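Survey of secondary and tertiary structure
Here is how the chains run, residue by residue.
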Amino acid sequence: MSSLEFNGNEIAPPPDGIQTAVRVRGVSKYFGKGEQRVAALQGVSWDVYVGQLTMIIGPSGCGKTTLLSVIAGILDADEGSVEIFGNDVTKMNDRTLTRFRAERIGFVFQQYNLLPALTSAENAAVPLVIAGWSKSRAIEKASHVLNSLGMGKKIKSMPNQLSGGQQQRVAIARALVHEPSLLVCDEPTAALDVESGRTVMNLMREAALRADRAVVVVTHDNRVFDFGDRITRMDDGHVAEVRDNVHAPAA
Ligand SMILES: Nc1ncnc2c1ncn2[C@@H]1O[C@H](COP(=O)(O)OP(=O)(O)OP(=O)(O)O)[C@@H](O)[C@H]1O
Ligand SMILES: [Mg+2]
């Protein structure tokens with residue numbers, strides 16, 4: 001197995017012919033003040049490669065969601081820089097960042113964050129509506145993506161009429177609908193049965209394996225580890241190890 005051992009801030013260059021989608025350098029993030037202060041990320045340097053599904057694993061509280069939120073531009077880093085496809089999101093003003101995020105990034109939150117007054121299809125269509133699509137075209141595209149996730153019969157349901165796993169699939173459809181260059185997902189299979197989990201991971205791999213895309217998935221779910229091309233193990237605000245996964249399904 002080729003293994004990229006990670007030591008402190010030194011980072012191996014990408015293998016020949018592989019481009020970097022996300023370049024994180026020296027990122028720290030602190031929460032709280034005084035005795036309550038928590039260093040959620042402590043000088044993280046880390047790369048995500050184009051055309052790959054990168055997984056992040058590690059114990060609860062080690063900083064996985066914080067790292068995802070920083071690379072998706074949802075949370076500001078206190079130190080360090082984050083480049084997404086060559087664009088430094090830590091230097092963008094709010095307006096540019098909001099637009100960049102809307103166009104290029106899809107995010108599946110650990111809590112699904114669906115809008116309670118919208119149907120499944122309307123929820124999933126939100127990124128397209130923000131991008132200026134007409135409502136009817138956006139709903140049509142969103143319904144198509146929901147269908148591919150086994151949610152065809154639920155496109156008109158409200159979130160409170162759905163199970164946790166169904167809400168999760170709506171959240172995944174919303175993240176995929178605008179075909180983002182970077183898809184980041186926090187525990188996307190946690191509420192799913194084995195078969196739905198595999199469907200979702202196959203869709204994520206499909207999204208990742210395009211030449212100009214990348215997918216990052218945080219998971220505790222050892223049933224889906226093998227869907228990752230690279231596996232990052234975090235521990236206590238650090239990236240402890242990055243290794244290639246020789247078991248990843250073929251492209
Ligand atoms: N908004 C916040 N305010 C204060 N502390 C926070 C906040 N968000 C995260 N933390 C702290 O930062 C650390 C990292 O949290 P994070 O949510 O990134 O962990 P995680 O690896 O995603 O955990 P889990 O697997 O349980 O989701 C934890 O110690 C957590 O308590
Ligand atoms: Mg988390």
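This section reports on the structure supplied with the text.

To continue, consider a negative patch on the surface. A surface patch of negative charge is lined by Asp-76, Asp-78, Glu-79 and Asp-94. Relative to the elements of secondary structure, Asp-76 occurs in the loop between helix H1 (64-71) and strand S5 (79-84). When its relative accessible area of 57% is taken as the criterion, Asp-76 is described as exposed.

Turning to the environment of Asp-47, a few remarks are in order. With respect to the helices and strands, Asp-47 occurs in strand S3 (residues 38-49). You can call Asp-47 buried: its relative accessible area is 4%. Between the C-alpha atoms of Asp-47 and Thr-20, which are 27 residues apart in sequence, the distance is 6.5 Å. Residues within four places of Asp-47 in sequence aside, it is in contact with Ile-11, Ala-12, Thr-20, Val-22, Arg-23, Val-24, Arg-25 and Arg-230. Among the polar contacts listed, one links the side chain of Asp-47 to the side chain of Arg-25, at a separation of 3.0 Å.

Turning next to the coordination of the magnesium ion (ligand 2). Six octahedral donors around a metal ideally make angles of 90 or 180 degrees; four tetrahedral donors ideally make 109.5 degrees. The protein atoms donating to the magnesium ion (ligand 2) are Thr-65 (OG1) and Gln-110 (OE1), with metal-donor distances spanning 2.0 to 2.4 Å. Taken together, the positions of Thr-65 in helix H1 and Gln-110 in the loop between strand S7 (105-108) and helix H3 (120-130) put the pair 45 residues apart, joining distant regions of the chain.

Attention now goes to the pairing of strand S8 (residues 182-186). Burial within S8 is extensive, with 5 of its 5 residues counted as buried. Here S8 shows a buried face lined by Leu-182, Val-184 and Asp-186 and a second buried face lined by Leu-183 and Cys-185. In the sheet, S8 pairs with strand S9 (residues 214-218) via 5 bridges, with the strands oriented parallel. From the neighbouring strand, Leu-183 faces S9, where its bridge partner is Val-215. The β-α-β motif built from S8, the intervening helix H6 (residues 194-208) and the parallel element S9 has right-handed crossover chirality.

Mapping Glu-187 onto the fold places it in the loop between S8 and H6. Although Glu-187 is buried, it forms no salt bridge, and the closest oppositely charged side chain is Lys-64 at an N-O distance of 5.3 Å. Once residues lying within four places of it in the same chain are set aside, the contact partners of Glu-187 are Gln-110, Gln-168, Val-218, Thr-219 and His-220.

Applying the stated criterion across every chain yields a total of 0 disulfides. The thiol of Cys-62 is not disulfide-bonded; the next cysteine sulfur, from Cys-185, is found 17 Å away. Cys-185 sits in the buried class, given a relative accessible area of 0%.

The contact between H3 and helix H4 (residues 135-148) brings their axes to 8 Å, and the two run at 120°. As the angle between them shows, H3 and H4 are arranged oblique. In terms of crossing hand, the pair formed by H3 and H4 is right-handed. For the pair H3 and H4, the contacting residues are Ser-120, Ala-121, Glu-122, Ala-124, Ala-125, Leu-128 and Val-129 in the first and Lys-135, Ala-138, Ile-139, Lys-141, Ala-142, Ser-143 and Leu-146 in the second. Across the contact of H3 with H4, the residue classes tally to 9 nonpolar, 2 polar and 3 charged.

When the terminal C-alpha atoms of H4 are compared, their 20 Å separation across 14 residues agrees well with the 20 Å that a helix rising 1.5 Å per residue should span. Those residues of H4 not exposed but buried are Ala-138, Ala-142, Ser-143, Val-145 and Leu-146. Seen end-on, H4 carries its buried residues on one side only, within an arc spanning 165°. Residues of H4 that are exposed and angled more than 90 degrees away from the buried face: Ser-136, Glu-140 and His-144. Those residues of H4 hidden inside the fold are in contact with H3 and helix H5 (164-176). Residue Gly-150 follows H4 closely and has a positive phi angle near 75°.

The full count for this structure, using the stated rule, is 12 salt bridges. Among the ionic pairs, Glu-83 bridges to Arg-23, the shortest N-O distance being 3.7 Å. With Glu-83 in strand S5 and Arg-23 in strand S2 (residues 20-31), this residue pair connects regions lying 60 residues apart in the sequence. Taking relative accessible area as the criterion, Glu-83 reaches 28% and is therefore assigned partly exposed. We classify Arg-23 as partly exposed; its relative accessible area is 33%.

Parameters and conventions
- Residues numbered from 1 in each chain as written.
- Chains lettered and ligands numbered in written order.
- Predicted model: local features only at pLDDT ≥ 70, side-chain atom pairs only at ≥ 80, totals over all residues.
- Heavy atoms only, no water.
- Patch = residues over 30% accessible without salt bridge, like charges linked within 9 Å, V, L, I, M, F, W, Y side chains within 5 Å.
- Areas by Shrake-Rupley, 256 points an atom, 1.4 Å probe, with all protein chains shown as cover.
- Salt bridge = Lys/Arg side-chain N within 4 Å of Asp/Glu carboxyl O.
- Lys, Arg positive; Asp, Glu negative; His and termini not counted.
- Charge placed at Lys NZ, Arg CZ, Asp CG, Glu CD.
- Helix = DSSP H or I, 4+ residues; strand = E, 2+ residues; numbered from the N terminus.
- Buried < 20%, exposed > 50% of the residue type's maximum accessible area, 1.4 Å probe, protein only.
- Contact = heavy atoms within 4.5 Å.
- Polar contact = N/O pair within 3.5 Å; in protein donor to acceptor, adjacent residues only side chain to side chain.
- Donors = N, O, S within 2.8 Å, 3.2 Å for Na, K, Ca; no water.
- Pairing = 2+ DSSP bridges.
- Right-handed = clockwise from strand over helix to strand, strands pointing away.
- Disulfide = S-S within 2.5 Å.
- Axes fitted to C-alpha atoms, helices over the stretch in contact; angles between N-to-C directions.
- Parallel < 35°, antiparallel > 145°, perpendicular 65-115°, else oblique.
- Left-handed = near helix turned anticlockwise from the far one by under 90°.
- Nonpolar A, V, L, I, M, F, W, Y, C, P; charged D, E, K, R; others polar.
- Expected span 1.5 Å × (residues − 1).
- Arc of directions from axis to C-beta.

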